[in-house]
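The primary structure of each chain is shown beneath.
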Amino acid sequence: MATDWDNTKTLAQLVIEEPGAMPVLEQLGLDYCCRGGRTIAEACAERGLEPGSVRAMIDGALTDGGAQGGNAWTTLGMSELADHIEQTHHARARELFQRLSQVVPRVVAAHSAEHPELVEVAQVLSGLSDEMHDHMVREERVLFPWLRRLFSHGSLHKGPPWSVRRPIDCMVHDHDSVSAGLSSLKRLLSGFVAPPDACGSYVSMVDMVRDLTLDTHLHIHKENNVLFPAGIRAEAGAEMAARERCGSAVPSGSGACELGTHTA
Ligand SMILES: [Fe+2]
Ligand SMILES: [Fe+2]
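Description of the structure in this document. Computed from a prediction, not measured in an experiment: that's the story for all the values here.

Further remarks concern the overall build of the chain. Counting secondary structure elements, the chain contains eight helices and zero strands. For the chain, the α and β elements follow one another from N to C terminus as α-α-α-α-α-α-α-α. The buried share among the 264 residues of the chain stands at 32%. Sequence-distant contacts in the chain: of pairs separated by 6 or more residues, those separated by 24 or more amount to 73%.

Packing of helix H5 (residues 78-111) against helix H8 (residues 200-246) leaves a shortest axis separation of 9 Å and a crossing angle of 155°. Considering the angle they form, H5 stands roughly antiparallel to H8. Note that H5 runs across H8; the crossing there is left-handed. Looking at side-chain class alone, the contact of H5 with H8 contains 17 nonpolar, six polar and seven charged residues.

On to the environment of Gly52, then. Mapped onto the elements of the fold, Gly52 is located in helix H4 (residues 51-64). Residue Gly52 is classed as exposed on the basis of its 11 C-beta neighbours within 10 Å. Residues Gly52 and Ala41, spaced 11 residues apart in sequence, show a C-alpha to C-alpha distance of 9.9 Å.

Parameters and conventions
- Residues numbered from 1 in each chain as written.
- Chains lettered and ligands numbered in written order.
- Predicted model: local features only at pLDDT ≥ 70, side-chain atom pairs only at ≥ 80, totals over all residues.
- Helix = DSSP H or I, 4+ residues; strand = E, 2+ residues; numbered from the N terminus.
- Buried ≥ 20, exposed ≤ 12 C-beta atoms within 10 Å, placed from the backbone.
- Contact = placed C-beta atoms within 7 Å.
- Axes fitted to C-alpha atoms, helices over the stretch in contact; angles between N-to-C directions.
- Parallel < 35°, antiparallel > 145°, perpendicular 65-115°, else oblique.
- Left-handed = near helix turned anticlockwise from the far one by under 90°.
- Nonpolar A, V, L, I, M, F, W, Y, C, P; charged D, E, K, R; others polar.

Next up, the structure:
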């Protein structure tokens with residue numbers, strides 16, 4: 001049974017405490033990554049679902065098996081979680097986009113006469129690929145090293161004179177855009193069900209896009225709901241320590257002392 005079930009709990013908190021709930025939330029279209037701040041009651045009401053029924057489904061899933069992709073990551077420290085995200089989700093997205101770049105043109109060429117929506121599928125995937133590759137590079141080169149410094153040394157950033165909340169806000173905005181693109185693909189691909197006349201390549205393409213969607217939802221959950229909030233807390237702690245060292249009441253977020261002109 002899901003632990004401490006409470007309809008006022010957020011979807012993000014539910015998944016943090018019970019990763020095995022994720023497949024059920026995916027099945028029901030309850031967004032726990034980009035819109036994980038909603039309570040269970042709010043999210044169910046939006047979808048016309050009865051929270052008690054959702055709980056029963058989650059309990060059944062927990063009885064049947066483990067979490068999607070395993071939940072060993074929940075025991076990692078935050079720097080290790082950043083490493084894990086790069087090594088698993090970033091690598092997986094790059095691999096899937098590379099494979100899709102080969103198969104999608106073939107599927108469009110062979111099937112777009114009967115399935116004209118495939119042209120839009122190819123366009124959305126191409127844009128999503130560019131967007132996610134750019135996003136992951138910015139995380140790997142800028143945000144994640146910044147977060148690791150905060151987690152390991154509590155050291156405030158000596159570069160741009162602003163808070164880590166600024167790049168985090170940019171990444172969260174990107175996540176919303178990526179999630180919208182994935183929702184479009186799910187709609188265009190009939191909920192990731194290949195049509196009866198699909199060839200092997202077509203079926204493989206649909207499976208890869210479904211895998212990309214599920215993996216990206218988990219990827220975003222780990223960042224939006226676990227890693228990024230931890231980074232904001234670590235920066236607040238580092239700011240407090242810096243203010244104490246300065247011996248003066250420096251307003252939170254102003255970043256005097258070590259930060260120069262540090263603003264959110
Ligand atoms: Fe990422
Ligand atoms: Fe991200």
